[in-house]
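Observations on the model geometry
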Amino acid sequence: MLRHALLLLSAAVYTTAVPQLHHRQLQSAVTKLVTFDGASGTTHHWVNMNDPVMGGRSTSAFHEVADERIGAFQGTCAVVPFLHAPGFAKIYTQDARSSGRLLTPFPDVSKHLDGALHLRVRTTTPQYTGFKVAFGADGARRPTPSRHGGASFKADFSLTGTDWQEVAIPFNQFSIDWSEFTGECSTKDPTGAQHYCCSAAHPEVCPTAVALRNINSVEVWAEGVEGTFTLDIDWIGAGPLGH
């Protein structure tokens, strides 16, 4: 009887420990791009930008919470009057350069091309569906020139619940051909320009190993969806596909 009980207990411990071990192994395989803990290779200068630069009414704020070692991004994505559609709020890294080179360069994560971009984040607004993340790279070019910034590969992500969670977005879900009207890669602009997502039919808009070797910025967006949002960021990195 006692032996049977011990076997049951052992089985219960095993089934709960294995997923936890897998999660720790996965996290240790992630190459960090962004942290807020003061680490020399992953601590970056962040800038906050909203759509009033293009006549919009979105507002947001960003600050670093020193005692938690996180970045806190919150605001409201509002409708741009002349577009009659929601605009954007975003934060992005803007690091100093010397002779054209970043003084805080991002690591080479090209080995993760078949993997994903990972974020450890928390929100009090999981119902908000306009979260996006993007990264720029030296030499990357959009199919059509940008009116409000440089070229970046962008993808959507969604959150569930209000606890800390790790999100893994496959790199093949990122596209450099996203609309400046919607932030999406599948829409057509009022000008008639059609945008394309990463696919076998349009590999030219997908991230490449060269791009992942030469990342020069990271961006987090609230875009294309009207509403109030909050997002706490622990870290952002690149690693295996996920669980």
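In what follows, the accompanying structure is described.

The rules we used
Residues numbered from 1 in each chain as written. Predicted model: local features only at pLDDT ≥ 70, side-chain atom pairs only at ≥ 80, totals over all residues. Heavy atoms only, no water. Buried < 20%, exposed > 50% of the residue type's maximum accessible area, 1.4 Å probe, protein only. Helix = DSSP H or I, 4+ residues; strand = E, 2+ residues; numbered from the N terminus. Pairing = 2+ DSSP bridges. Contact = heavy atoms within 4.5 Å. Axes fitted to C-alpha atoms, helices over the stretch in contact; angles between N-to-C directions. Phe/Tyr/Trp six-rings, centres within 6.5 Å; stacked < 30°, edge-to-face > 60°. Lys NZ or Arg CZ within 6 Å of the ring centre and 35° of its normal.

Details of the pairing of strand β11 (residues 131-137)
Most of β11 is tucked away, with 7 of its 7 residues classed as buried. Of the two faces of β11, the one holding Phe131, Val133, Phe135 and Ala137 and the one holding Lys132, Ala134 and Gly136 are both buried throughout. The pairing of β11 with strand β14 (residues 215-223) spans 7 bridges and is antiparallel. Considered in β14, the bridge of Ala137 is made with Ile215. For β11 and strand β12 (residues 153-156), the ladder comprises 4 bridges, and the chain directions are antiparallel.

What to know about the side chain of Asn216
Position of Asn216 relative to the elements: it lies in strand β14. Assessed through its relative accessible area of 18%, Asn216 is described here as buried. If we ignore the near neighbours within four places in the chain, the residues touching Asn216 are Thr93, Arg97, Leu102, Phe106, Gly136, Ala137 and Asp138.

Points about the sheet that holds β12
Overall, antiparallel pairing links the 5 strands, which are arranged β2-β7-β14-β11-β12 in an open sheet. Among the strands making up the open sheet, the edge pair consists of β2 (46-50) and β12. Ignoring which end each strand starts from, the neighbouring axes of this sheet average 20° apart. Both strand β7 (residues 88-93) and β14 contribute to a ladder of 5 bridges, which runs antiparallel. Note on β14: the bridge partner recorded for Phe88 is Glu223.

Overview of the packing of aromatic side chains
Any two aromatic rings considered together are summarised by their centre-to-centre distance and by the angle between their planes. Throughout the structure, instances matching the rule amount to 14 aromatic pairs. For the ring pair Phe131 and Phe157, a centre distance of 5.6 Å and an interplane angle of 15° mean the geometry is stacked. You can see Phe131 sitting in strand β11 and its partner Phe157 sitting in the loop between β12 and β13 (165-170), a full 26 residues away along the chain. In this pair, the class of Phe131 matches that of Phe157, namely buried. With centroids separated by 5.4 Å and ring planes inclined at 55°, the aromatic side chains of Phe135 and Phe174 adopt a geometry described as tilted. In this pair, Phe135 is assigned in strand β11 and Phe174 in the loop between β13 and α2 (209-213), connecting sequence segments 39 residues apart. Phe135 sits in the buried class, given a relative accessible area of 1%. A connected cluster of aromatic rings, assembled from ring pairs, spans Phe73, Tyr128, Phe131, Phe157 and Phe229. Above the plane of the ring of Trp178 lies Lys154, whose end atom (NZ or CZ) is 3.5 Å from the centre. Above the plane of the ring of Trp221 lies Lys154, whose end atom (NZ or CZ) is 3.3 Å from the centre.

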